[in-house]
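# Remarks on the overall topology
Spelled out from the first residue to the last, the chains are:
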Amino acid sequence: MADNPSNLINILIIDDEKDIRDGVERILTRMNCSVLKASRGDEGLKTLEKEKVAIVLLDMKMPGMDGMEVLRLIREMNETILVIVITGFATVETAIEAMKRGAYDFIPKPFEPDQLRIVINRAIEKIRLTHEAAMLEKERQQTLFDLDTEKSRIRTIIESLPNGVVVTNSQGQVVLMNPAFRKLLDLKTDLGPGKHICDYVAEKGLCDLIMDISKGKHVDFDDIPTYEFAVSDNRYLLARGQPVLGEKRECMGAVVNIVDITSMKVLDQLKSEFVAKVSHELRSPLSTIHEQLAVVLKDMVEEDLQADQEILSRAKEKTMGLISLIGDLLDLSRIEAGITSQEPTSIRIEQVLKNITDFLDAKAKSKEQTLTLELPKEPLPSITADPVALESLFGNLITNAIHYTQNGGSIKVKADLAGINIRVAVIDNGFGIKEKYLDKIFERFYRVKDEKTRFITGTGLGLPIVKSIVDSLGGMIDVESTPGEGSTFTVLLPIQRQTTT
Ligand code: ADP
């Protein structure tokens, strides 16, 4: 049938000559077709009303309704039926006329069985191809429909996300932005997608981040670039971006996710305030106990109470540890709150480093270590900073180098000019740090505990203080370390301060 060519094909022969009808039936049945027969045009049309027929073999010359009229009515009834007209020798014109009126093919009478087979096979092939084309079209429609459904599903998900999402192409033009993005950034609602990201976003840092990612600057890095910024009414937003990569890892644009981190910030601030308060409250009584212990100990030495003296010495050590912890906590809170101990002034870094290395030299010598300072021949440009903060920054790094380097080791402090920055490296040949800890050591209270560091006392707050100071100066800090060989902490401080967000 026409719907499925693998089924038996129904062929109707309309011819007034019985011999032809029977002959055609014999040949076609052998070709595995099912044959219906009609001796007149009107009879054939009635059969077509009742049966599903794919091919009609139609004699042009019949008594009663003539073949041309039957052809017209068949075309009217069903356009998909293939009509093959049977014409006499002298009626080539009739055949041409019939083809013009929609007949599919013709076969001149009388015909050989082979001729009939060829014509019918051609028609069956045509039916098969038409069927296949229809199936492909149906599949294509279904695929388009599925794609459309998938697209609208993804769009709905993106639209309903609480986080802001913006997608750009490689030129930085916005391809998609969800309502949360508009809301978080207070965008005017009448600006639809399609324009350059900087037409929507006033925050320059965010704009630069999205442009950099869109243009492929982050393709070869695994890290997710982030940017934190404040918008009106004291809200803080964090943008995290990722490049959209094509098959050959070429950058096709950026996807940037924006989260409101105001509550996290508030919590962080509350935490810092709490720590500052508690530390402050603890410091005075602890210092008093420490002082009193010192006095008692002094008296004991005189009275030679050896055992008690040891207990109290340990107690004194512990109070000293607590006082230094509290000192660190207070420093950190102060730095995070942006409070400087002294007004920023113009500072010669060489002088700061010289003072600290001189001061810490005794500590290094007590461990038989060499502490050297290497300065460039040309004087370094001065920088504007809080001198106490700078002392704390390098003091912490050099003290760590002394602590985490074995007796007899060496520590080198090296300063030079690196483009627009002053670079200070604190290099030791001590214990080193395993790679897996390198990210963690800048977290508050994080201390590496292994067989070498276990007995070294500390608060885990030195490097967070260092990091906060470097951040407040608009600089950068990096650490390279090989366990068993040593560590290098490198600080870059900009000579000209950039405006920070
Ligand atoms: P603290 O020294 O009080 O433990 P820090 O925040 O200064 O805290 O340092 C965190 C951890 O980083 C230390 O516990 C130590 O394990 C490691 N560390 C810091 N500096 C060095 C260094 N120069 N060499 C080896 N390990 C270091």
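Within every chain, residues take consecutive numbers counted from 1 along the sequence as written. Only residues with pLDDT of at least 70 are given local features in this predicted model, and only at 80 or more are side-chain atom pairs given and counted; all residues enter the totals for whole chains, interfaces and linings. Side-chain descriptors were evaluated using all non-hydrogen atoms of the structure, hydrogens and water having been removed beforehand.

Now for helix α1 (residues 18–30). When the terminal C-alpha atoms of α1 are compared, their 19 Å separation across 13 residues agrees well with the 18 Å that a helix rising 1.5 Å per residue should span. For each residue, the accessible area found with a 1.4 Å probe, counting protein chains only, is set against the maximum for its type, and the residue is called buried under 20%, exposed over 50%, and partly exposed in between. Helix and strand assignments follow DSSP, with helices taken as H or I runs no shorter than four residues and strands as E runs no shorter than two, numbered in order from the N terminus. Among the residues of α1, I20, R21, G23, V24, I27 and L28 are the ones counted as buried. Burial along α1 is one-sided: seen end-on, the buried residues are contained in an arc of 170 degrees. Residues of α1 that are exposed and angled more than 90 degrees away from the buried face: K18, D19, R26 and R30. Elements in contact with the buried residues of α1: β1 (9–14), β2 (33–38), β3 (55–59) and α5 (113–160). Between the first and last residue of a helix there are one fewer steps than residues, each counted as 1.5 Å, and that sum is the expected span. Think of the arc as the fan of directions from the helix axis to the C-beta atoms. What makes two residues a contact is simply this: any of their non-hydrogen atoms within 4.5 Å.

Attention shifts here to the pairing of strand β6 (residues 164–169). In terms of burial, β6 is largely enclosed, as 5 of its 6 residues are buried. Pairing of β6 with strand β10 (residues 251–260), which is carried by 6 bridges, proceeds in the antiparallel orientation. Across the sheet, V165 pairs through a bridge with N257, a residue of β10. Pairing between two strands is assigned when DSSP locates at least 2 bridges connecting them. Of the strand pairs in this sheet, β6 and strand β7 (residues 174–177) are connected by 3 bridges, and their pairing is antiparallel. Bridge pairing links T168 to V174 in β7. A loop of 4 residues connects β6 with β7, the two strands running antiparallel in sequence, and G172 in this loop sits at a positive phi of about 85 degrees.

Turning our eyes to something else, we now look at the packing of helix α11 (residues 349–366) against helix α12 (residues 387–403). Axis angles are defined between N-to-C directions and span 0 to 180 degrees, where every axis is a line fitted to C-alpha atoms and, for a helix, only to the segment in contact. Viewed as axis vectors pointing N to C, α11 and α12 meet at an angle of 35 degrees, and their least axial separation amounts to 10 Å. Between α11 and α12 the crossing geometry is right-handed. Residues I349, V352, L353, I356, T357, L360, K363 and A364 of α11 pack against L390, E391, F394, G395, I398, T399, I402 and H403 of α12. Residues are grouped as follows: nonpolar covers Ala, Val, Leu, Ile, Met, Phe, Trp, Tyr, Cys and Pro; charged covers Asp, Glu, Lys and Arg; every other residue, Gly included, is treated as polar. Among the residues forming the contact of α11 with α12, the class breakdown is 10 nonpolar, 4 polar and 2 charged. Rotating anticlockwise by less than a right angle from the far helix to the near helix defines a left-handed crossing, while the corresponding clockwise rotation defines a right-handed one.

All right, on to the nonpolar core then. Within the largest apolar cluster, 46 residues are counted, with the highest numbers of intra-cluster contacts made by I349, L390, L393, F394, L397, I398 and F489. Looking at which element gives the most residues to this core, the answer is α12, with 8 residues. By convention here, the domain bounds are inherited from an automatic or database domain assignment. Residue contributions to this core reach at least three from each of two domains, namely domain 3 (265–336) and domain 4 (345–494). Those residues within four positions of F394 in sequence are excluded, and the remaining contacts are I349, L353, I356, V424, V491 and L493. Buried Ala, Val, Leu, Ile, Met, Phe, Trp, Tyr and Cys residues form a nonpolar core when they are joined through side-chain atoms within 4.5 Å.

The ligand sits among 19 residues. The nearest are N400, Y404, R447, T459 and L463. Any N or O atom pair separated by 3.5 Å or less is treated as a polar contact, with the protein-specific requirement of one donor-capable and one acceptor-capable atom, and with residues adjacent in sequence counted only for side-chain atom pairs. Within the backbone of L463, a nitrogen or oxygen atom sits 2.8 Å from an oxygen atom of the ligand. When the free accessible area of the ligand is taken as 530 Å², the share hidden by the protein chains comes to 97%. Of all the secondary structure elements, the ones that give two or more residues to the shell around the ligand are α12, α13 (462–472) and β17 (486–494). Here the shell around the ligand gets 3 residues from one element, more than from any other, and that element is α13. Being near a molecule or strand, for a residue, means having at least one of its heavy atoms within 4 Å of it. To be clear on the numbers: accessible area is Shrake-Rupley with a 1.4 Å probe, and residue cover counts the displayed protein chains and nothing else.

In space, the 5 strands of this open sheet follow the order β7-β6-β10-β9-β8, with antiparallel pairing throughout. Both edges of this open sheet fall to β7 and β8 (226–231), since each of them pairs with a single strand only. For this sheet the average axis-to-axis angle between neighbouring strands, irrespective of direction, equals 20 degrees. Two strands pair when backbone bridges link them, and strand β9 (residues 235–245) and β10 are joined in this way by 9 bridges, in the antiparallel orientation. In the strand pairing of β10, Q242 is matched with V255.

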